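Fold and geometry: a report
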Amino acid sequence: MSTLTRARCRARAHPAAVDTVLAVGVLLCMVAGSFVEPHDPEGVSWGLRTPDPLSLVLMTLGAAALVFRRRAPRTVLGATGGLSVVESVTGDPRAPVAMCAVIALYTVAASTDRPTTWRLGLLTMTVLTGAAMAAGPLPWYAQENLAILAWTGIGATAGDAVRSRRAFVQAIRERAERAERTREEEARRRVAEERLRIARDLHDVVAHHIALVNVQAGVAAHVMDKRPDQAKEALAHVREASRHALGELRATVGLLRQSGDPEAPTEPAPGLDRLDELAATFRNAGLRVEVARADQGTELPAAVDLAAYRIVQEALTNVQKHAGTDARAEVSVVRVGPHIEVTVLDDGNDDGHGPTPGGGHGLLGMRERVTALRGTLTTGPRYGGGFRVHAILPVAPRTSAAPGGRP
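Presented here is a report on the structure given in the accompanying data block. Bear in mind the structure is a predicted one, so any value in this text is a computation, not a measurement. (Residues numbered from 1 in each chain as written. Predicted model: local features only at pLDDT ≥ 70, side-chain atom pairs only at ≥ 80, totals over all residues. Heavy atoms only, no water.)

Looking at the pairing of strand β5 (residues 339–346)
On any regular strand, side chains alternate: one points to one face of the sheet, the next to the other face. Convention followed: A simple rule labels every residue: compare its accessible area, found with a 1.4 Å probe on the protein chains alone, to the largest value its type can have, and call it buried under 20%, exposed over 50%, or partly exposed in between. Numbered from the N terminus, helices here are DSSP runs of H or I no shorter than four residues, and strands are runs of E no shorter than two. Note on pairing: DSSP must find at least two bridges between two strands before they are called paired.
Counting buried residues along β5, six of its eight residues qualify, which places the element largely inside the surrounding structure. Alignment of strand β4 (residues 328–336) against β5, held across eight bridges, turns out to be antiparallel. Bridge pairing in β5 places Val334 opposite Glu341. Counting the residues between successive antiparallel strands, the hairpin from β4 to β5 contains two residues, one of them, Gly337, with a positive phi of roughly 60 degrees. Pairing of β5 with strand β7 (residues 387–394), which is carried by eight bridges, proceeds in the antiparallel orientation. By the bridge assignment, Thr343 is partnered in β7 with His390.

Observations concerning the sheet that holds strand β3 (residues 288–294)
The criterion, for reference: Simply put, an axis is a line fit to the C-alpha atoms, just over the touching stretch for a helix, and the angle between two N-to-C directions goes from 0 to 180 degrees.
Within the open sheet, the five strands sit side by side as β3-β4-β5-β7-β6. Their pairing is mixed. For this open sheet the edge positions go to β3 and β6 (376–381), each flanked by a neighbour on one side alone. Each strand of the sheet is rotated relative to its neighbour by a mean of 10 degrees, with strand direction disregarded.

Looking at the environment of Gly155
For the record, the criterion: Note on contacts: a residue pair qualifies if any of its non-hydrogen atoms lie within 4.5 Å across the two residues.
Inspection of the secondary structure assignment puts Gly155 in helix α7 (residues 143–223). Residues Gly155 and Ala104, spaced 51 residues apart in sequence, show a C-alpha to C-alpha distance of 8.4 Å. Setting aside residues up to four positions removed in sequence, Gly155 forms contacts with Val102 and Tyr106.

Thoughts on the pairing of β4
Examined bridge by bridge, β3 and β4 share seven bridges and lie parallel to one another. Counted as the bridge partner of Arg288 is Arg328 from β4.

A few points about helix α4 (residues 73–90)
Side chains three or four residues apart in an α-helix point the same way, a direct result of the helix having 3.6 residues per turn. To keep things clear, this is the line we draw: To estimate how far a helix should extend, the number of its residues minus one is multiplied by 1.5 Å. Arc definition: directions from the helix axis to the C-beta atoms.
Between its terminal C-alpha atoms α4 stretches 26 Å, which fits the 26 Å expected from 18 residues at 1.5 Å a residue. What α4 keeps buried is the set Pro73, Val76, Leu77, Thr80, Gly81, Leu83, Ser84, Glu87 and Ser88. Summarising the axial view, the buried residues of α4 lie within an arc of 165 degrees, below the 170-degree limit, and thus occupy one face. Turned more than 90 degrees from where α4 packs its buried face, Arg74 and Thr75 sit exposed.

Quick look at the packing of helix α3 (residues 53–65) against α4
The following threshold applies: Throughout, the term roughly parallel applies to angles under 35 degrees, roughly antiparallel to angles over 145, roughly perpendicular to angles from 65 to 115, and oblique to all others. Whether a crossing is left-handed or right-handed is set by the direction in which the near helix is turned from the far one by less than a right angle, anticlockwise for left-handed and clockwise for right-handed. Three classes are used, and their members are as follows: Ala, Val, Leu, Ile, Met, Phe, Trp, Tyr, Cys and Pro are nonpolar, Asp, Glu, Lys and Arg are charged, and the others, Gly among them, are polar.
Where α3 contacts α4, the two axes come as close as 9 Å, and the packing angle between them is 170 degrees. As far as their axial angle goes, α4 and α3 are roughly antiparallel. Crossing of α3 over α4 shows left-handed handedness. Across the interface between the two elements, Leu54, Ser55, Leu58, Leu61, Gly62 and Ala65 from α3 touch Val76, Thr80, Leu83, Val86, Glu87 and Thr90 from α4. Classifying every residue of the contact of α3 with α4 gives seven nonpolar, four polar and one charged.

Regarding helix α9 (residues 275–284)
Buried within α9 we find Leu275, Leu278, Ala279 and Phe282. Viewed end-on, α9 has its buried residues packed into an arc of 95 degrees, placing them on one side of the element. Gly286 occupies a position one or two residues after α9 and carries a positive phi of about 100 degrees.

A word on the side chain of Thr152
For the record, the criterion: Residues adjacent in sequence count toward polar contacts only when both atoms are side-chain atoms; beyond that, a polar contact is any pair of N or O atoms within 3.5 Å, and within protein one must be able to donate a hydrogen and the other to accept it.
Positionally, Thr152 belongs in helix α7. Look at Thr152 and you get buried, because its relative accessible area is 1%. A polar contact is formed between the side chain of Thr152 and the backbone oxygen of Leu149, at a distance of 2.9 Å.

Topic: the nonpolar core
Selection criterion: We call a set of buried residues a nonpolar core when its members are Ala, Val, Leu, Ile, Met, Phe, Trp, Tyr or Cys and they connect through side-chain atoms within 4.5 Å of each other.
Judged by nonpolar contacts, the single largest core of 36 residues is most densely connected at Val289, Val312, Leu316, Val389 and Leu393. At the level of elements, α9, α10 (302–322), β4, β5, α11 (362–372) and β7 are the ones that each hand at least two residues to this core. Broken down by element, the residue count for this core peaks at ten residues, all from α10. Contact partners of Leu316, with chain neighbours within four places excluded, come to Phe282, Leu287, Val289, Ala329, Val331 and Val344.

Comments concerning the packing of helix α5 (residues 98–111) against helix α6 (residues 114–135)
A pair of packed helices is characterised by two quantities: the angle between their axes and the separation of those axes. Their axes nearest at 10 Å, the elements α5 and α6 cross at an angle of 170 degrees. Put simply, α5 runs roughly antiparallel to α6. On α6, the residues that touch Ala101, Leu105, Val108 and Ala109 of α5 are Thr117, Leu120, Gly121, Thr124 and Leu128. In terms of residue class, the contact of α5 with α6 is made up of six nonpolar, three polar and no charged.

A look at the pattern of salt bridges
Our working rule: Any carboxyl oxygen of Asp or Glu that lies within 4 Å of a side-chain nitrogen of Lys or Arg is treated as forming a salt bridge with it.
The tally for this structure, following the rule as stated, stands at ten salt bridges. A salt bridge links Asp160 to Arg114; the shortest N-O distance between them is 2.9 Å. With Asp160 in helix α7 and Arg114 in helix α6, the pair connects residues that are 46 residues apart, well separated along the chain. Looking at Arg114, the relative accessible area reads 41%, which means it is partly exposed. Because the salt bridges share partners, they merge into one network encompassing Asp19, Arg69 and Arg70.

Written out as structure tokens, the structure reads:
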């Protein structure tokens, strides 16, 4: 830290001491100036003169008033202005008491707004200059009278410039602080969105594969004694489902790695190109699934492709878990104008196989994915039994960084 910076810090920490030193300096300058005689009959020369005792008293009072200029700037301006008027009327020879009024006017201009500075500045200039011209011992056009006009104008202008600079610096500081807060809030928001996205992916992966494992394990336990071949087939499906679950869990949890970690996953997230494979896993678990596609080979953005796949996966998982052993599911993917429509229907006997209060988060996760892509999701029981999940997703999402996109 430089010497000038340390001096400024100390001055801000002790404003009363600074004002006291300023008042003493102003008093010394006024006393020194009161002994100078700038006029001579033979021309401009400098000689000594003796100020009146009243002028010395007025200078002392004006300097003392400056000690309180920060606490009550307008009051100090009024006091120093009054002392200057008294000195202009009574002082002979005249003493520079107006210097106190100039500093007080500067303080007012630096601590108030511009309209107030204009009003008080013009009033001070008019009163002091008028008193000096009308009541002083010198002619009205004397340079001392014009100097009062000039110095009061300079004081008001300098104070207004200082106030404007302080306001500008404060605005820059506030803008920087606001930008810093915005960056922190944006970082927290992105972290929260990423955590929510990973939580959705974990829920979809675990719910789907664990449901399949549960079903196949139940089949294996049921036929283990009587039909060991079928039990072996069911256990093979369990092994396959668990292997897929571990792979997807490894890819999802791998998103938490740092960018430089050597084992970060490189396999892309699943999409509708794996829809037949997804349906086959449910068929192996005993669920009758039919898939119909009329999307004409549409190339979907990564976020839309993943969201459509996860919606179908979660809907079929709910059918597997809640719709009954004889349920049949129908999956359709249709391109309609600028949208892709994904529908999953089932004819199960449980109309309420969505999340129960305080229960799962499947439908909530679907809705969050669709909302992030500016799409719409409709879910509910079907007339006559069963459940319907219908999602409309834009082919070109209007969000630049939708949660649930590919890593």
